[in-house]
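As a plain string of letters, each chain reads:
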Amino acid sequence: MLPMTQIDGELDSLVRKRIRAMRVAQGWSLEELATRARLSQSTLSRIENGRRRLALDTLVTLARALDTTLDQLVETASDDVVTSPIVDSAHGMLQWPLKSDPGVTVVRQRMTDPPPDNPARMRAHPGREWLVVLSGTAVLLLGNRRLRVETNQAAEFPTMLPHAIGADGGPCEVLGIFDRDARRGHQRDRGERGA
């Protein structure tokens, strides 16, 4: 591979710190990472300490040895770290799409109604969901099971199982994480109910 030109000062320092931090987080010595990356220990030490130029081929090798990608190794901090939610007043929800994985959405919802009595109102669709009850108690209908999920408890399940969720004995507030397929399934469900 062709050597990469010298990375700008701030990014150069960040990448070197990240290599060291990832090595230490794994509990690896310089020698162990050097062996995994097929570099000499002195070369790795000079890379971490800024006494050796960062070359693209070496960064690719180190990324593999650290079980990460080159993109993650050289990623810079984003200016837009804080985001505001998208308000869905019609359904009483706040939604935050995750920038690092645009297919994943985080939803906060206050529920007052119990889950449906009619099993025909339970929905199944591709995907996975994860939810945590922030306050109150929720009831999760999952297939033939009726599960109580209390404050600070979480549930994770494949959404191909027929499911529904509602409040138990008063309002509850739930934070849910939906993968792309689960989010689409819920959007279709809301569309059908609204029609």
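Whatever comes next refers back to the structure up there.
Residues numbered from 1 in each chain as written. Predicted model: local features only at pLDDT ≥ 70, side-chain atom pairs only at ≥ 80, totals over all residues. Heavy atoms only, no water.

Q: Explanation requested: the packing of helix 1 (residues 9–25) against helix 3 (residues 41–48) in the structure shown.
A: The relative placement of two packed helices is expressed as an angle between their axes plus a distance between the axes. Viewed as axis vectors pointing N to C, helix 1 and helix 3 meet at an angle of 125 degrees, and their least axial separation amounts to 8 Å. Classified by the angle their axes make, helix 1 and helix 3 are oblique. In this structure, helix 1 contributes Arg16, Ile19, Arg20 and Arg23 to the contact, and helix 3 contributes Leu44, Arg46, Ile47 and Glu48. Of the residues that constitute the contact of helix 1 with helix 3, the class distribution is 3 nonpolar, no polar and 5 charged. (Axes fitted to C-alpha atoms, helices over the stretch in contact; angles between N-to-C directions. Helix = DSSP H or I, 4+ residues; strand = E, 2+ residues; numbered from the N terminus. Parallel < 35°, antiparallel > 145°, perpendicular 65-115°, else oblique. Contact = heavy atoms within 4.5 Å. Nonpolar A, V, L, I, M, F, W, Y, C, P; charged D, E, K, R; others polar.)

Q: Help me out: how do you make sense of the pairing of strand 8 (residues 163–167) in this one?
A: The side chains of a regular strand alternate, residue by residue, between the two faces of the sheet. Burial of strand 8 is extensive: 4 of the 5 residues sit out of reach of the surface. Here strand 5 (residues 137–142) pairs with strand 8 via 5 bridges, running antiparallel. Within strand 8, the residue paired with Leu142 across the bridge is His163. (Buried < 20%, exposed > 50% of the residue type's maximum accessible area, 1.4 Å probe, protein only. Pairing = 2+ DSSP bridges.)

Q: I tried to follow helix 4 (residues 56–65) on my own but got confused; where do I start?
A: Turning to helix 4, its buried residues are Thr58, Leu59, Val60, Leu62, Ala63 and Ala65. Lining the buried residues of helix 4 we find helix 1, helix 2 (30–37), helix 3 and helix 5 (70–74). Following helix 4 by one or two positions, Asp67 has its phi on the positive side, about 60 degrees.

Q: Mind showing me how you'd approach the environment of Phe157 here?
A: Residue position: Phe157 is located in strand 7 (residues 154–158). C-alpha of Phe157 to C-alpha of Leu142: the two residues are 15 residues apart in sequence and 8.5 Å apart in space.

Q: When you look at the nonpolar core in this model, what are you seeing that I'm missing?
A: Grouped together as the largest cluster of nonpolar side chains are 15 residues, with contacts concentrated most on Ile19, Leu33, Leu62 and Leu73. Of all the secondary structure elements, the ones that give two or more residues to this core are helix 1, helix 2, helix 3 and helix 4. In terms of residue count, helix 4 provides more of this core than any other element does, 4 residues in total. Excluding residues within four positions of it along the chain, Ile19 makes contact with Leu33, Leu44, Ile47, Glu48, Leu59, Leu62, Leu66 and Leu73. Core analysis: the second largest hydrophobic core is formed by 12 residues, Met111, Leu131, Ala138 and Leu142 among them. (Core = buried A, V, L, I, M, F, W, Y, C linked by side-chain atoms within 4.5 Å.)

Q: Please clarify how the sheet that holds strand 6 (residues 145–150) should be interpreted in this entry.
A: Within a sheet, neighbouring strands are paired by backbone hydrogen bonds and run either parallel or antiparallel to one another. Here we have 3 strands laid out as an open sheet, ordered 6-5-8, and antiparallel in their pairing. Edge positions in the sheet fall to strand 6 and strand 8, since each has one partner strand and no second. Across the sheet, the mean angle separating the axes of adjacent strands is 20 degrees when strand polarity is ignored. Relative to strand 6, strand 5 runs antiparallel, the two sharing 6 bridges. Opposite Ala138, over in strand 6, you have Val149 as the bridge partner.

Q: Sorry if this is basic, but what is going on with the packing of helix 2 against helix 3 here?
A: It is the contact of helix 2 with helix 3, at a shortest axis distance of 8 Å, that shows an interaxial angle of 105 degrees. Considering the angle they form, helix 2 stands roughly perpendicular to helix 3. Residues Leu30, Glu31, Leu33 and Ala34 of helix 2 pack against Gln41, Leu44, Ser45 and Glu48 of helix 3. Looking at the contact of helix 2 with helix 3, its residues break down into 4 nonpolar, 2 polar and 2 charged.

Q: Mind showing me how you'd approach the sheet that holds strand 1 (residues 86–88) here?
A: The antiparallel open sheet is built from 6 strands, whose spatial order is 1-2-3-9-4-7. At either margin of the open sheet sits one strand with a lone partner, and together these are strand 1 and strand 7. Averaged over all pairs of adjacent strands, the angle between strand axes in this sheet comes to 20 degrees, irrespective of strand direction. The pairing of strand 3 (residues 105–111) with strand 9 (residues 172–178) spans 7 bridges and is antiparallel. Note on strand 9: the bridge partner recorded for Gln109 is Val174.

Q: I keep staring at the pattern of salt bridges and nothing clicks. Help me out?
A: Side-chain pairing between opposite charges can occur once the charged atoms of the two side chains come close. For the structure on display, the rule yields 7 salt bridges. With a shortest N-O distance of 3.2 Å, Glu32 and Arg36 are connected by a salt bridge. Of this pair, Glu32 and Arg36 both sit in helix 2, 4 residues apart, which is roughly one turn of the helix. A relative accessible area of 31% places Glu32 in the partly exposed class. Given a relative accessible area of 46%, Arg36 falls into the partly exposed group. In this structure, Glu173 engages Arg108 in a salt bridge whose closest nitrogen and oxygen atoms are separated by 2.7 Å. Of this pair, Glu173 sits in strand 9 while Arg108 sits in strand 3, and the two are 65 residues apart along the sequence. Overall, the relative accessible area of 22% leaves Glu173 in the partly exposed class. Salt bridges linked by common partners bring Arg148, Glu150 and Asp168 together as one network. (Salt bridge = Lys/Arg side-chain N within 4 Å of Asp/Glu carboxyl O.)

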